[in-house]
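# Observations on chain architecture
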Amino acid sequence: MTDAGLIYSRTAPVGVFDSGVGGLSVLTEIRQLLPNESLLYVADGGHIPYGEKTPAFIIERCLAIAGFLHGQGAKALVLACNTATAAGVVQIRQRYPDWPIVGMEPAVKPAAAATRSGVVGVLATTGTLQSAKFAALLDRFASDVCVITQPCPGLVELIETGDLASPAIRELLWRYVEPLLAEGCDTIILGCTHYPFLKPLLRQMIPDSISLIDTGAAVARQLQRLLAQSDLLATEPGGETSYWTSGSPNDFKKILPGLWQSSGSVRSLGL
Ligand code: DGL
């Protein structure tokens, strides 16, 4: 399979990116489902948080990072970031029309199907919730349910410290979750890839009857489908993972083991 003169092969890696460590929650699912694949992970740590940036800025970052991963020979791209997908997936697809690309969006469809109270909460970034893509998602799948949206400024920055049980994170998370409980939500969508790391803390705050839904596993399955369609699934065991960050490689390396089983070399991304 070719795109701009590049030949994709089964042994080529899959590129995955996020503004920071959030995409590691998706990487976990990909690694579990597709152990043979080699993965190149980019954290745009020098420009985090995306959630409070303009769409134009995020589109520019998306194109720069997609260009980097394409240049590294990635046979497919996963935007492991709801905010980046909302702002930039269309532009990346336009630039690389033959490249298998998986984006992600808050799990509105499964949540609307699962709710019994008819009230669904969405925790996501300001950028995701303000996007046209999210509005279209609600129009399409949530006309029969009440959706309470809650932007969560500041949460991503706290998750990036790697301390997922600090008093500060507990306090901020409660401030965002309490209104959803007060409205009677029985299903909460984790609409940012950083938030699945807060599941243990969330479980301490909310009743067991409330479902938490995220899309990491569905993204891994979609990647598997796309690779299979193009006959690009890796067949030999031993997939490896390499990391780049536009932030501090040392900071990234320090928090990596707490969020993701595999360590490895972290390189600086000069973009
Ligand atoms: N992890 C990203 C997402 O899924 C966004 C985090 C950020 O604001 O940078 O939306």
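This one's a predicted model, so the numbers in the text were calculated from it and none came from an experiment.

Cut-offs used in this document
- Residues numbered from 1 in each chain as written.
- Predicted model: local features only at pLDDT ≥ 70, side-chain atom pairs only at ≥ 80, totals over all residues.
- Heavy atoms only, no water.
- Helix = DSSP H or I, 4+ residues; strand = E, 2+ residues; numbered from the N terminus.
- Buried < 20%, exposed > 50% of the residue type's maximum accessible area, 1.4 Å probe, protein only.
- Polar contact = N/O pair within 3.5 Å; in protein donor to acceptor, adjacent residues only side chain to side chain.
- Contact = heavy atoms within 4.5 Å.
- Near = heavy atom within 4 Å.
- Areas by Shrake-Rupley, 256 points an atom, 1.4 Å probe, with all protein chains shown as cover.
- Nonpolar A, V, L, I, M, F, W, Y, C, P; charged D, E, K, R; others polar.

## Observations concerning the side chain of S25
Tracing the backbone through its elements, the reader meets S25 in helix α1 (residues 24-33). The buried category is assigned to S25, whose relative accessible area is 10%. A polar contact is formed between the side chain of S25 and the backbone oxygen of T193, at a distance of 2.7 Å. Every residue in contact with S25, bar those within four places of it in the chain, is listed here: T193, P196 and F197.

## A closer look at the site of the ligand
Close contacts around the ligand come from 14 residues, with S19, Y50, G51, T83 and H194 the closest. Measuring from an oxygen atom of the ligand, one finds a backbone N or O atom of Y50 at 2.6 Å. Within the contact set of the ligand, an oxygen atom lies 2.8 Å away from a backbone nitrogen or oxygen of G51. Alone, the ligand offers 300 Å² of accessible surface; in the complex the protein occludes 99% of this. Residues of the shell around the ligand, tallied by class, amount to six nonpolar, seven polar and one charged.

Read these as layout, nothing more, since geometry by itself doesn't imply function.
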